[in-house]
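Overview (structure and organization)
So you can see what is in the structure, the chains are spelled out below.
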Amino acid sequence: MAEQTLSMTSEWDKTFPASDRVEHGKTEFRTRYGFMLAADVYVPRDRSRAGEDGTLPAIALCGPFGAVKEQCAGLYAQTLAERGFLTIAFDPSFTGESSGEPRYMASPDINTEDFQAAVDYLSCREDVDAERIGILGICGWGGLALNAAALDTRVRATVASTMYDMTRVNANGYFDAEDSEEARHAKRVALNAQRLADYEAGTYALGGGVVDPLPEDAPFYVRDYFDYYKTPRGYHERSLNSNGGWNVIGCMSFMNQPILRYSNEIRSAALVMHGDAAHSFYFGKEAFEHLMEGNPVPENKELLVIPGATHTDLYDGGEKGAIPWDKLEGFFAQYLA
């Protein structure tokens, strides 16, 4: 199978400092659709979690939706590697250093496949135990991680952190304020008009990332995003949210795809963690409720509510140190044992 070679930066260009407790490298792997995904690999220097054959438990990480691997996913990956897990943080198809044309498109199917392709890659590494693989998704990738876990029985443990259900927010708007046939019809009319405009222009109009400058009347969740994506705390030159955003029509297909439909059939372990001060808390809370509805293995499912944490507090801890690292380590240690 012919594979393209990606162009990836060799310098450390993350939004967090490098750790001397892990070995960092770059890699690429293919999806079943032929895209090549770029990833950072973090290998722990502490091999205490290695099995008798020397292989390690591994975790694939992605998110937030519109971010790149040099932001939150990389921070999670490096920190969990410090705690003994081999980890990869990857850029989804069409974004960051990964392949996919046109740029800045999203798809519930292709992006779920991105996670499964990461499991393929990890399973075939000689230093990974294929029976001890987990995934972790942040923000919109939390919902996609649950969708991947519902489909992929190789995944032993899944974490959805400060999650969005991208199908719900695209179909219903924020806080379900546009949950009506009339509102969805108006969206479809506008999106299809944009498709024609893009086709005639031969380019795809961008929807815009996080608004900048910040309006005085911006709602809290917009301010929360601005404080991360538009400041030195989290800005990255390849991040969609930090810059021009997705294509206007980039997330169109999410409107008709309820990705969490069969999440209540996930038999492997799952942890949904969310701050109760996050605008997105309703996504995590209700996703967990559905996860538990008639689930054949409810005993390995957990909702972790973090008091006072906003949405982006679980990106990098914020000023509160909000990310429960010990809990994450314990969860993966238990279910990737």
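Look a little higher up for the structure.
A brief structural summary. (Residues numbered from 1 in each chain as written. Predicted model: local features only at pLDDT ≥ 70, side-chain atom pairs only at ≥ 80, totals over all residues. Heavy atoms only, no water.)

Some words on the pairing of strand E2 (residues 36–44)
Of all the nine residues making up E2, nine are buried; the element is thus mostly covered by neighbouring parts of the structure. Burial along E2 is two-sided: Met36, Ala38, Asp40, Tyr42 and Pro44 and Leu37, Ala39, Val41 and Val43, pointing in opposite directions, are all buried. Relative to E2, strand E1 (residues 22–30) runs antiparallel, the two being bridged by nine bridges. Pairing of Arg30 across the sheet is with Met36, part of E2. Linkage of E1 to E2, two consecutive antiparallel strands, is achieved through a turn of five residues, within which Gly34 is found at a positive phi near 90°. As paired strands, E2 and strand E4 (residues 86–90) are joined by four bridges and run antiparallel to one another. Bridging from a neighbouring strand, Ala39 pairs with Phe90 of E4. (Buried < 20%, exposed > 50% of the residue type's maximum accessible area, 1.4 Å probe, protein only. Helix = DSSP H or I, 4+ residues; strand = E, 2+ residues; numbered from the N terminus. Pairing = 2+ DSSP bridges.)

Observations concerning the side chain of Asn170
One can find Asn170 in helix H4 (residues 166–172). Here the side chain of Asn170 touches Met166 through a polar contact of 2.7 Å, landing on its backbone oxygen. If near-sequence neighbours (up to four positions away) are discounted, Asn170 is found in contact with Lys187, Cys251, Phe254 and Met255. (Polar contact = N/O pair within 3.5 Å; in protein donor to acceptor, adjacent residues only side chain to side chain. Contact = heavy atoms within 4.5 Å.)

Some points on the sheet that holds E1
Across the sheet, which stays open at both edges, the eight strands sit in the order E1-E2-E4-E3-E5-E6-E7-E8 with mixed pairing between neighbours. Two strands bound the open sheet, and with one partner strand each, they are E1 and strand E8 (301–306). Direction aside, neighbouring strands of the sheet carry axes that sit 20° apart on average. Of the pairings in the sheet, the one linking strand E6 (residues 157–161) to strand E7 (residues 269–275) comprises five bridges and is parallel in character. Of the residues in E7, the one forming a bridge with Ala160 is Val272. Sitting on the sheet, helix H2 (residues 108–123) touches E1, E2, strand E3 (56–62), E4 and strand E5 (128–138), and the angle it makes with E5 is about 150°. (Axes fitted to C-alpha atoms, helices over the stretch in contact; angles between N-to-C directions.)

Geometric values such as these leave the question of function open.
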